[in-house]
Amino acid sequence: MSEPNKEQIEYEERLRRRLKILQEQMKQGKIHIAEGLQVADSLQAVRMDANGVVDLDTVDGLVRSMALAVTEMHDREELKKLASLSEIQNSYFNFFEQNFGGFYKLMLKRKLTPHDAGRAAMQSEGSIREVTENLDKILEFIEQFWTELGDIAHIHVEDQQNNIKGVFGGDLFPAHDENIASKCGIYTDTIVLPDPFLRSKHVFEKSKPADQAYYLIKHAMNILQYKELACANVDIPIVVVLPDIAALEQEEREFFHELGISDSLKHSERLFGRKFESLDELLEFAQELDTVERAVAEIADESRFLFDTEWKGDVAAQLKKATESSHTRLIGTNHPGIILANQSVGRMSVSNELLIKSRRLKGSPIVDAPTSWQYLAWKMEYDSSEAESATNGKDLHIMRGLQDLADGDMEWLGNVPPAALVEVRKQGAMDEIRSLLGKGVEELVQSNPNNFHRSRDQMFDNINEAFDKHKENIKQLRAKQWKFAGTDIGSWLVTGTLGITAAATGAPIWAIAALGADQILDAPKLKSIPASIKSLIEENKKEQMSPVGMLFNIKKKT
């Protein structure tokens, strides 16, 4: 018999550790084998050698798989013991309190927004130097902090069960002049925010010192606005800041870019009315569109043209504005055709990352930027179209905003002061408020795509009923005149859009799940998918969850 090589020796060491953990877990009564399962016979067949060590030749595949699964759960629990989610969040926010607390107090005293504070920091050479003097050290600390604690924080949030999680995306961070938790904290249990510094790494690298000062102060002030909610002493966290794994791991970052390219080709086909087989082909075509006039002339469907929902003017005026914006510095060109082609690549990459992050955390995407919302809706539409052609399903994609379901704008609880939100949680009043609101977000989040395409009309009826009931019950809540933290619940009402985008694409197809069946979606081959994403594909097949995106867009406060 040949001597085992290094790889074989290392595998056997890992296997012995797993078997030892399996044995300990069974002794502690943490593992129970249901009667009649084949693995029970396999466990009985395991033997020890003369030295009291497990004879690996008696360990079959069933036992090895079981030992692997048990060890993964064991290691996961042990990792969580290294630091609680509360400890991680408090350490994170205390860092910003210690380094930017003075700026924050000044901002509040002068009644400024984080944007205003950032603008003030870039007004003079002296302030720019003062603010950016330690920028590199700050960015290095943040990246190191999340490299050491990011996985632990993610596991804590992933393992939180039976709570509605909203995962923010579509922008670097929520809007500076509104609190995303105030907007949707009644409708979700935990809101997951990204670290804006990790997301802005490329911005800091390519920006001038004045812009660096702006983003540094703006991000820090924005983060400190959520300290009260993130560090509140409540059982279920109201707000959690987590790093984007793609910001720390190049493999995932490249993977999302590949997904973005795939969806961008589908979007460009609709925009220009012609098919593109690759990004190179798209860029070669775009290169010829070297003037605004030539680019506009090639657009076949203007409804698919979008840079910013707030921009006014015709397509030509908006494209010209895009070529003159600060964004051109980040992508290194002001070429109209290239800017137009790159727009959808970036937006679709972000949409894919948001969907996968939400799935990983067992949450639903939350977007407060209408432009990002539209690209997310388009991305989910394209997934559904692919699934329809593969499964002969019909009408698998729905996009409904409340404005489409009601005669006018909807009133909803979207202006809840942070202190009141904390008090609602501490007093246990959330369940009563939710019960009065009737069916809504949770039912949509938990919708099963298998059922959806068989009962499309019922799904629409349920959404209509939920929203109609919500409007009626808002009146009842207003009449109760409840007060929390000195504010009347009636003052929390806002008028605006609470939109729902649900893509039910048939089991097990949606976003990442489709990658497991490359005959359905033209995406990277399975072997190129990061291991962390492969595990999500398998998990998605088991749970059959449909992605639901939520848009919270306030027009006016009551």
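Residues numbered from 1 in each chain as written. Predicted model: local features only at pLDDT ≥ 70, side-chain atom pairs only at ≥ 80, totals over all residues. Heavy atoms only, no water.

Right, let's get into the overall build of the protein. Along the protein, the regular secondary structure elements total 27 helices and 10 strands. By residue count, 50% of the 558 residues in the protein fall in the buried class. Considering only contacts within the protein whose residues lie at least 6 apart along the sequence, 79% involve residues at least 24 apart. Here the protein displays about 27,000 Å² of accessible surface, and carbon together with sulfur accounts for 46% of that area. (Helix = DSSP H or I, 4+ residues; strand = E, 2+ residues; numbered from the N terminus. Buried < 20%, exposed > 50% of the residue type's maximum accessible area, 1.4 Å probe, protein only. Contact = heavy atoms within 4.5 Å. Areas by Shrake-Rupley, 256 points an atom, 1.4 Å probe, with all protein chains shown as cover.)

What follows deals with helix 22 (residues 418-426). Given 3.6 residues per helical turn, the α-helix brings residues three or four places apart onto the same face. Restricting attention to buried positions, one finds in helix 22 the residues Ala-420, Leu-421, Val-422, Val-424 and Arg-425. Just past helix 22, the residue Gly-428 takes up positive phi, approximately 70 degrees.

Contact geometry for helix 1 (residues 6-27) and helix 3 (residues 61-82): axes closest at 8 Å, N-to-C directions at 75 degrees. With respect to each other, helix 1 and helix 3 are oriented roughly perpendicular. Every residue of helix 3 that contacts helix 1 at Tyr-11, Leu-15, Arg-17, Arg-18, Leu-19, Ile-21, Leu-22 and Gln-25 is listed here: Val-63, Arg-64, Met-66, Ala-67, Leu-68, Val-70, Thr-71, His-74 and Asp-75. (Axes fitted to C-alpha atoms, helices over the stretch in contact; angles between N-to-C directions. Parallel < 35°, antiparallel > 145°, perpendicular 65-115°, else oblique.)

Within the secondary structure, Gln-427 is located in the loop between helix 22 and helix 23 (430-437). As for Gln-427 and Phe-484, which are separated by 57 residues in sequence, their C-alpha atoms are 9.3 Å apart.

Each pair of aromatic rings is reported with the distance of its centres and the angle of its planes. Applying the stated criterion across every chain, the model contains 21 aromatic pairs. Note on Phe-272 and Phe-276: the rings are 6.2 Å apart at their centroids and 80 degrees apart in plane angle, and the pair reads as edge-to-face. Across the pair, Phe-276 and Phe-272 agree in class, each one buried. These aromatic residues form a ring-pair network of at least three members: Tyr-92, Phe-93, Phe-95, Phe-96, Phe-100, Phe-103, Phe-141, Phe-145, Trp-146, Phe-197 and Phe-204. (Phe/Tyr/Trp six-rings, centres within 6.5 Å; stacked < 30°, edge-to-face > 60°.)

Turning to the side chain of Thr-132, a few remarks are in order. Here Thr-132 is to be found in helix 6 (residues 125-132). Using a relative accessible area of 17% as the deciding quantity, one classes Thr-132 as buried. Within the structure, Thr-132 has its side chain in polar contact with the backbone oxygen of Ile-128 (distance 2.6 Å). (Polar contact = N/O pair within 3.5 Å; in protein donor to acceptor, adjacent residues only side chain to side chain.)

This next bit is on unusual backbone geometry. Its identity as a non-glycine residue notwithstanding, Lys-111 has a phi of 55 degrees, on the positive side. With relative accessibility at 76%, the residue Lys-111 sits in the exposed group. Unusually for a residue other than glycine, Lys-362 sits at a positive phi of about 60 degrees. Turning to its location among the elements, Lys-362 is positioned in the loop between helix 19 (336-360) and strand 4 (364-367).

Buried together is how nonpolar side chains tend to be arranged in soluble globular proteins. Counting 78 residues, the largest nonpolar core has Phe-96 and Leu-413 as the members making the most contacts within it. The leading source of residues in this core is helix 4 (residues 85-109), at nine residues. In this structure, Leu-265, Leu-271, Ala-322 and Val-345 belong to the second largest nonpolar core, which totals 23 residues. (Core = buried A, V, L, I, M, F, W, Y, C linked by side-chain atoms within 4.5 Å.)

What you see with strand 1 (residues 165-168) is no split at all: Lys-165 and Val-167 on one side and Gly-166 and Phe-168 on the other are buried throughout. When strand 1 meets strand 2 (residues 190-194), the two strands line up parallel, connected through three bridges. Bridge pairing in strand 2 places Gly-166 opposite Ile-191. With three bridges joining them, strand 1 and strand 4 adopt parallel strand pairing. (Pairing = 2+ DSSP bridges.)

A cluster of acidic side chains, namely Asp-151, Glu-249, Glu-251, Glu-254 and Glu-258, defines a negative patch on the protein surface. Tracing the chain through its elements places Glu-249 in the loop between helix 13 (245-248) and helix 14 (250-272). (Patch = residues over 30% accessible without salt bridge, like charges linked within 9 Å, V, L, I, M, F, W, Y side chains within 5 Å. Salt bridge = Lys/Arg side-chain N within 4 Å of Asp/Glu carboxyl O. Lys, Arg positive; Asp, Glu negative; His and termini not counted. Charge placed at Lys NZ, Arg CZ, Asp CG, Glu CD.)

Take the confidence of the model for the protein next. Put simply, the protein has an average pLDDT of 80, and 77% of its residues get 70 or more. Contacts for the low-pLDDT stretch residues 394-408, under 50 throughout, to residues beyond four places or in other chains number 54 contacts. A low-confidence stretch, residues 449-456 stays under pLDDT 50, and its non-local contacts, those more than four residues away or across chains, total 16 contacts. (pLDDT = per-residue confidence, 0-100.)

Moving on, we come to the pairing of strand 2. Strand 2 sits mainly inside the fold: five of its five residues count as buried. In strand 2, alternate side chains face the same way, and those of Thr-190, Val-192 and Pro-194 on one face and Ile-191 and Leu-193 on the other are all buried. Pairing geometry for strand 2 and strand 3 (residues 239-242), over four bridges, is parallel. From the neighbouring strand, Ile-191 faces strand 3, where its bridge partner is Val-239.

What follows covers the pattern of salt bridges. Think of it this way: side chains of opposite charge can pair up when their charged atoms draw near. Here the structure, examined in full by the defined rule, presents 19 salt bridges. A salt bridge links Glu-324 to Lys-320; the shortest N-O distance between them is 2.5 Å. One end of the pair is Glu-324 and the other is Lys-320, both in helix 17 (residues 315-324) and four residues apart, which spans about a single turn. If you follow the salt bridges from partner to partner, you end up with Arg-76, Glu-77, Lys-80, Glu-158 and Asp-159 in one network.

Right, let's get into the packing of helix 15 (residues 279-287) against helix 19. Look at helix 15 against helix 19: their axes get within 7 Å of each other, and the N-to-C directions meet at 150 degrees. Between helix 15 and helix 19, the interaxial angle falls into the category roughly antiparallel. The two elements helix 15 and helix 19 cross, and the hand of that crossing is right-handed. Here helix 15 contributes Leu-279, Leu-282, Leu-283, Ala-286 and Gln-287 to the contact with helix 19, which in turn contributes Gly-337, Ile-338, Ala-341 and Val-345. Its residues placed into classes, the contact of helix 15 with helix 19 shows seven nonpolar, two polar and no charged. (Left-handed = near helix turned anticlockwise from the far one by under 90°. Nonpolar A, V, L, I, M, F, W, Y, C, P; charged D, E, K, R; others polar.)

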